[in-house]
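# Close look at the chain arrangement
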Amino acid sequence: MNLTHPFRDADGDKLREECGVFGVIGAQEAANITAAGLHSLQHRGQEAVGITSYSGSEFHSHRGLGHVAQVFNPRTLETLPGTMASGHVRYSTTGGSGLRNVQPLFADLAAGGFSIAHNGNISNAMTLKRELVSKGSIFQSTSDTEVIIHLVATSRYPTLLDKFIDALRMVEGGYALICSTPEGMMACRDPLGIRPLVMGRIGDAIVFASETVAFDVIGAEFIRAVEPGELVQVDFKGTVSSHRPFGTTNARPCIFEHVYFSRPDSVMDGRSVYGVRKQIGMELAKESPADADIVIPVPDSGVPAAIGYAQESGLPFELGIIRSHYVGRTFIQPGDAARHADVKRKHNANRAIVEGKKIILIDDSIVRGTTSLKIVEMMRDAGAAEVHMRIASPPTEYSCFYGVDTPERSKLLAANMDIQAMADFIKADSLAFVSIDGLYRAVGEADRNNGCPQFCDACFTGDYPTRLTDFETRKPGKLTIA
Ligand code: AMP
């Protein structure tokens, strides 16, 4: 994450990132395994990638801008010897992308080398940084992750583990962290478990990753999730110990991982992501049917929900939009003009399917409305008789402060318009979103269970489960986000 947020960049958006993390200890060619794991987490971050390894006496690091396959090859991987390695893929909307911010970050502390890879966002990082700088800390990057390094460096506790725990007690927000030290690896999750982290085994080695798909790809066996608020420590003898620095709290994992962010072939919070997405489509079909001929997904993110919608409604599922796989995610383009052009390059109407039909279009979410506006227009240009848009999440009304990229609130379509106005804006004949209870039913809960929800759903409800200190201190007495 970039420390300049919540201030705005030139495009008016917050600078924020989503990321994927991976770590392995106790394996020959740990860096190669890490590269393969990161490759399967590429959807979590496409802007930059880095790997740090430890060869028993020394840390080695290679970081670069671009995809895993561009930055890592047999030659670069040879420079990363050792049986412990950790890595990071990073995704940011705009700016703040200099090499100095690419993770894992590394520092030589009095207690030994310390490398850290972080998925998430620390919501009091600005406040902590100000305090640290006033006491003499000199920051090398604009990443909020570096705050943790400085907190570890200045902690008065004797051991690295205690220093790390001391640091974590001062940070708030959502995080999954993988740290390497000369004593071994430490992996931990924020007290509410907002960001995901799972643990597995490959041979005698222990692996950690943001998603289970990384274990499938490297041939590792899934052991369990790192629990919310848990810190797992693994030493070079393979001894695994679990610490609970925060006591126990009610977990609130991110529900948007199920809606959009994770790969559908991952298992998250014990649930198949694909299965949940399909179920959301079924709930959507029950809640918001439409008189139509066919169901069409917006590829790829709308596909599982569209399958569910089609099965529940009994309407045929058709590929009415074909996606080019050689264009990146439209969302990450900084300017509106670039975003519009990219939507067109990425998706093309399959006229033979669409012409003359009343269609139901399914996508996972509407953020700014750019994608929906273009896709509805594309369907009409291809001769669709009616276009009914159905969205497999509730309206995204609030920004995320825990590591999922959303623009500032004023740019969220649902924060500015009611559903009819949104339907008019995207020029659809009708528009409907799954209800928040429908979403909870899809993840296997009876409903949102108000007062005690099982997930962080702040992007849909404005119910932020942690303090957001940086925002409170910016406008004393008033939270600008809700
Ligand atoms: P928009 O065009 O701004 O309405 O963005 C909506 C599209 O972006 C949806 O089709 C999603 O698949 C995708 N999307 C939603 N949320 C995110 C996110 N946090 N990061 C990247 N892509 C997203």
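Residue positions are given per chain, counted from 1 along the sequence in the order it is written. pLDDT decides what is reported in this predicted model: residues at 70 or higher carry local features, side-chain atom pairs at 80 or more are listed and counted, and totals for whole chains, interfaces and linings draw on all residues regardless. The side-chain numbers reported here are obtained from all heavy atoms of the structure, hydrogens and water having been left aside.

The axes used here are C-alpha line fits, helices contributing only the stretch in contact, and every angle between their N-to-C directions lies in the interval 0 to 180 degrees. Secondary structure elements follow DSSP: runs of H or I of four or more residues count as helices, runs of E of two or more count as strands, with numbering from the N terminus. Running from N to C, helix α9 (residues 273–287) and helix α10 (residues 303–313) point in directions that differ by 45 degrees, and their axes come no closer than 6 Å. On the basis of the axis angle, α9 is oblique to α10. For α9 against α10, the interelement crossing comes out right-handed. Contacts between α9 and α10 involve Tyr274, Arg277, Lys278, Gly281, Met282, Leu284, Ala285 and Lys286 on the former and, on the latter, Pro304, Ala305, Ile307, Gly308, Tyr309, Gln311, Glu312 and Ser313. Under the grouping applied here, Gly and all other residues not named as nonpolar or charged are polar, the nonpolar ones being Ala, Val, Leu, Ile, Met, Phe, Trp, Tyr, Cys and Pro and the charged ones Asp, Glu, Lys and Arg. The residue inventory of the contact of α9 with α10, partitioned by class, reads eight nonpolar, four polar and four charged. Any angle that is under 35 degrees is reported as roughly parallel, and any over 145 degrees as roughly antiparallel; angles of 65 to 115 degrees are reported as roughly perpendicular and all others as oblique. Crossing handedness follows the turn of the near helix against the far one: under a right angle anticlockwise gives a left-handed crossing, and clockwise gives a right-handed one. Contacts are residue-level and defined by heavy atoms, with any inter-residue pair within 4.5 Å sufficient.

To continue, consider the UniProt feature "active site" (unreviewed entry) in the protein chain. The UniProt feature table records "active site" (unreviewed entry) at Cys19. Setting aside residues up to four positions removed in sequence, cysteine 19 forms contacts with Arg44, His88, Val89, Arg90, His118, Asn119 and Ser210. UniProt positions are given in the numbering used here, feature names are shortened, and annotations may be inferred rather than shown by experiment.

Let us look at the side chain of serine 143. With respect to the element layout, serine 143 can be found in the loop between α4 (125–134) and α5 (145–154). Here a polar contact means two N or O atoms within 3.5 Å. Within protein one must be a hydrogen donor candidate and the other an acceptor candidate, and residues neighboring in sequence count only if both atoms are side-chain atoms. From its side chain, serine 143 meets the backbone nitrogen of threonine 145 in a polar contact 3.1 Å long.

Attention now goes to the packing of aromatic side chains. The rule is short: rings of Phe, Tyr and Trp, with Trp giving its six-membered ring, pair when the centres are within 6.5 Å, and they are stacked under 30 degrees, edge-to-face over 60, tilted in between. Applying the stated rule across the entire model yields eleven aromatic pairs. Pairing phenylalanine 59 with phenylalanine 106 gives two aromatic rings, centres 4.9 Å apart and planes at 45 degrees, and the pair type is tilted. Of this pair, phenylalanine 59 sits in strand β3 (residues 59–65) while phenylalanine 106 sits in strand β5 (residues 105–109); the two residues are 47 residues apart in sequence, bridging distant segments of the chain. Each residue in the set Tyr54, Phe59, Phe106 and Phe236 is aromatic and connected to the rest through ring pairs, giving one cluster. Above the plane of the ring of phenylalanine 139 lies lysine 129, whose end atom (NZ or CZ) is 4.8 Å from the centre. Any Lys NZ or Arg CZ found within 6 Å of a ring centre and within 35 degrees of that ring's normal is scored as a charge over the ring.

Okay, the environment of aspartate 235 next. Mapping aspartate 235 onto the fold places it in strand β12 (residues 231–235). Sequence separation between aspartate 235 and methionine 185 is 50 residues, and the spatial gap between their C-alpha atoms is 6.5 Å. In this structure, aspartate 235 is in contact with Ile25, Glu183 and Gly184, ignoring residues within four places of it in sequence. Among the polar contacts made by the side chain of aspartate 235, one reaches the main-chain amide nitrogen of lysine 237 at a distance of 2.9 Å. A polar side-chain atom of aspartate 235 sits 2.9 Å from the main-chain amide nitrogen of threonine 239.

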